[in-house]
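A closer look at the structure
Listed below are the residues making up each chain.
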Amino acid sequence: MHNPEDCYVCLIPKPTSVFESEGNFSLSRDTIIFTQKDNRETGFIANLLSTFLGEVSGYEAPVREQDSDKKQGNIYLSLKADESLGEEGYEVSITTDGVRLHANSPAGLFYGVQTLRQLLPIYSSETASLPAVSIRDVPRFEWRGAMLDVSRHFFGVEDVKRFIDLISHYKINRLHLHLSDDQGWRVEIKSWPRLTEVGGSTQVGGGKGGYFTQEQYKEIVDYARSRYIMIVPEIDTPGHTNAALASYAELNSSEEAPELYTDTRVGFSSLWINSEITYTFLDDVIREVAALTPTPYIHIGGDEARSTSEEDYKYFIKRIQEIVAAHGKTAIGWSEIGEAELLPGTIAQIWIPAGFENAKRQSAKMILSPANKIYLDMKYDTSSPLGLDWAGLVSVKDSYDWEPGSYMEGLEESQILGIEAPLWTETVQSMKDIEYMTFPRLLGVAELAWSPKGQTWDDYRQRLAAHGERMEAMGINFFKSPDVDWE
Ligand code: IFG
């Protein structure tokens, strides 16, 4: 059993700096949380902290608005902070008589509260307390992402919200939703209703599939935003499009709609590159998705377009970037888009080497998702009951023990926005399956994305060992990897 008092040694992601001092701050019925006046965001965050305190002390500290700095309580959330903390950093000081959390923005306060949560005991106790430490914490990368493929197997709003809650505990700030593929179209497009009526009606294995209505999609976006997670919608093109092609005959050069597809091959589908209806279709889709997603990015896929000629692919990628820009968004695409001319600002998500050199030559910003390191659908080992292994087996150690800043040959760290761990769901059918493949590998991704360069596997694996109990307490169905001496 890990001694909760020492929990500052088990924080994940590891903070920039931690200074321990004597004693601790005991929670009591007198504990009061003070927050900013008239600020809905900090009010939400203060209430989240109150909930976390309630989980371990049995009573939820009241939240009051700070009407002056005179000493009135013992937990303070303040938006007055050192500018060197940037947009997402925070400082927290815990002493025997109180907690002071400072950040320049609500996001920083949110991350500070997640750290406080990990400093609290795992289980409730009358003598719940926080260790006296002072922490200064600033993220290394701005893009700290996870991806959930809701196309191969569909996952509803409640599963996505749980996934958002769980990844938010580790300061992940991007959730890329893979909303369309050969096997399913998962977001309602009002101008092309058959995309979901037909294209959303099945999934891998032939099950009933499903889709998000626009209301449900907006509910997910709002839920993520209140946890400082940006939703990044992906409409995969020009390949991985069988669900759309099966929904509208006119989208096909043969003028015939193919059958719905419920197996797991890739690379056999392509939009009709040389027909204007394709661009009218995409303009409608991107207009509606952009209107539903108040975040700067739209992911257009671009991967495995094996049924699109090289010339058609380059022409297509140029046009779809123009459509995305016309709707005021920045395009993101998988590695291969580097083979086409990229608009300034377009981001390449590197999963395999294809396209990387040309994307680098065009000075594109990159998100690193190396399949042999952080594809969460890769088996942990030969005994994994789920997952694939085309990129190799990816143990907990493999997914942690690499250095993003120097992983890609000749890529400057300044060109790297950050990293993102995709979970493809060909073999993943339930929330329990999602948790099994995602945890604990995502904790290592979160640390690589947030913590200062130079952490070591030996130090991390000890902190991770203490998190087994914490993940169990959260009901997470995580893989008890033999790489870790779980406590
Ligand atoms: N590659 C495909 C995914 C998925 C994956 C499974 C990318 C960008 C293999 N494209 O990864 O659709 O099938 O590991």
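Since this is a predicted model, take the numbers as computed values, not measurements.

**Re the overall build of the protein**
Within the protein one finds 15 helices and 15 strands. Overall size of the protein, expressed as C-alpha extent along the three principal axes, is 75 × 50 × 45 Å. The buried share of the protein, taken over its 487 residues, is 62%. Nonlocal contacts in the protein, meaning residues at least 24 apart in sequence, comprise 73% of its contacts between residues at least 6 apart.

**Overview of the site of the ligand**
Close contacts around the ligand come from 14 residues, with Asp303, Tyr375, Asp377, Trp390 and Glu426 the closest. Contacts to the ligand include Arg152, whose side-chain N or O atom sits 2.8 Å from an oxygen atom. For the ligand, an oxygen atom lies 2.6 Å from a polar atom in the side chain of Glu426. In isolation the ligand offers 350 Å² of accessible surface; the protein chains occlude 97% of this area. Residues that form the shell around the ligand fall into these classes: eight nonpolar, one polar and five charged.

**Considerations on the pattern of salt bridges**
For the structure on display, the rule yields 28 salt bridges. Across the salt bridge formed by Arg306 and Glu304, the nearest N and O atoms sit 3.5 Å from each other. Given a relative accessible area of 16%, Glu304 falls into the buried group. In this structure, a network of salt bridges that share partners links the residues Lys14, Glu447, Asp459 and Arg463.

**Digging into the sheet that holds strand β1 (residues 17-26)**
In a beta sheet, neighbouring strands pair by backbone hydrogen bonds and run either parallel or antiparallel. The seven strands are arranged β1-β7-β5-β6-β4-β2-β3 in an open sheet whose pairing can be described as mixed. Single-partner strands in this sheet number two, and they are β1 and β3 (63-65). Taken pair by pair, the neighbouring strands of this sheet meet at an average axis angle of 20 degrees, ignoring direction. As paired elements, strand β2 (residues 33-35) and strand β4 (residues 75-78) share two bridges and run parallel to each other. Bridge pairing in β4 places Ile33 opposite Ile75.

**What about helix α1 (residues 40-57)?**
Along an α-helix, a turn takes 3.6 residues, which lines up residues three or four apart on a common side. For α1, with 18 residues, the first-to-last C-alpha span of 25 Å sits near the 26 Å given by 1.5 Å per residue. Turning to α1, the residues buried within the fold contact β2, β3, β4 and α2 (106-119). The backbone nitrogen of Glu41 has a side-chain oxygen 3.0 Å away, supplied by the residue at the start of α1, namely Asn39. Of the residues trailing α1, Gly58 is marked for its positive phi of about 90 degrees.

**Structural notes on the side chain of Thr35**
Mapping Thr35 onto the fold places it in strand β2. Apart from the residues within four sequence positions on either side, Thr35 is in contact with Thr42, Gly43, Ala46, Val63, Arg64, Glu65, Gln66 and Leu77.

**Description of the sheet that holds strand β10 (residues 230-237)**
Read around the closed barrel, the eight strands follow the order β8-β9-β10-β11-β12-β13-β14-β15; overall the barrel is parallel. Pairwise comparison of adjacent strand axes, ignoring direction, gives a mean angle of 30 degrees for this sheet. When strand β8 (residues 143-149) meets strand β9 (residues 174-180), the two strands line up parallel, connected through five bridges. Opposite Ala146, over in β9, you have Leu175 as the bridge partner. Where helix α7 (residues 276-292) meets the sheet, its contacts fall on β10 and β11 (297-301), and the angle it forms with β10 comes to roughly 170 degrees.

**Notes on the confidence of the model for the protein**
In this model, the protein carries an average pLDDT of 95, and 97% of its residues clear a pLDDT of 70 or more. By mean pLDDT, β3 is the weakest element of the protein at 90, and β8 is the strongest at 99.

**Re the packing of α1 against α2**
Contact geometry of α1 with α2 gives a least axis separation of 10 Å together with a crossing angle of 5 degrees. Classified by the angle their axes make, α1 and α2 are roughly parallel. On the side of α1, the interface is formed by Glu41, Thr42, Ile45, Leu48, Leu49, Phe52 and Glu55, while α2 contributes Pro106, Leu109, Phe110, Val113, Gln114, Leu116 and Arg117. Considering only residue class, the contact of α1 with α2 consists of nine nonpolar, two polar and three charged.

The rules we used
- Residues numbered from 1 in each chain as written.
- Predicted model: local features only at pLDDT ≥ 70, side-chain atom pairs only at ≥ 80, totals over all residues.
- Heavy atoms only, no water.
- Helix = DSSP H or I, 4+ residues; strand = E, 2+ residues; numbered from the N terminus.
- Buried < 20%, exposed > 50% of the residue type's maximum accessible area, 1.4 Å probe, protein only.
- Contact = heavy atoms within 4.5 Å.
- Near = heavy atom within 4 Å.
- Polar contact = N/O pair within 3.5 Å; in protein donor to acceptor, adjacent residues only side chain to side chain.
- Areas by Shrake-Rupley, 256 points an atom, 1.4 Å probe, with all protein chains shown as cover.
- Nonpolar A, V, L, I, M, F, W, Y, C, P; charged D, E, K, R; others polar.
- Salt bridge = Lys/Arg side-chain N within 4 Å of Asp/Glu carboxyl O.
- Pairing = 2+ DSSP bridges.
- Axes fitted to C-alpha atoms, helices over the stretch in contact; angles between N-to-C directions.
- Expected span 1.5 Å × (residues − 1).
- pLDDT = per-residue confidence, 0-100.
- Parallel < 35°, antiparallel > 145°, perpendicular 65-115°, else oblique.

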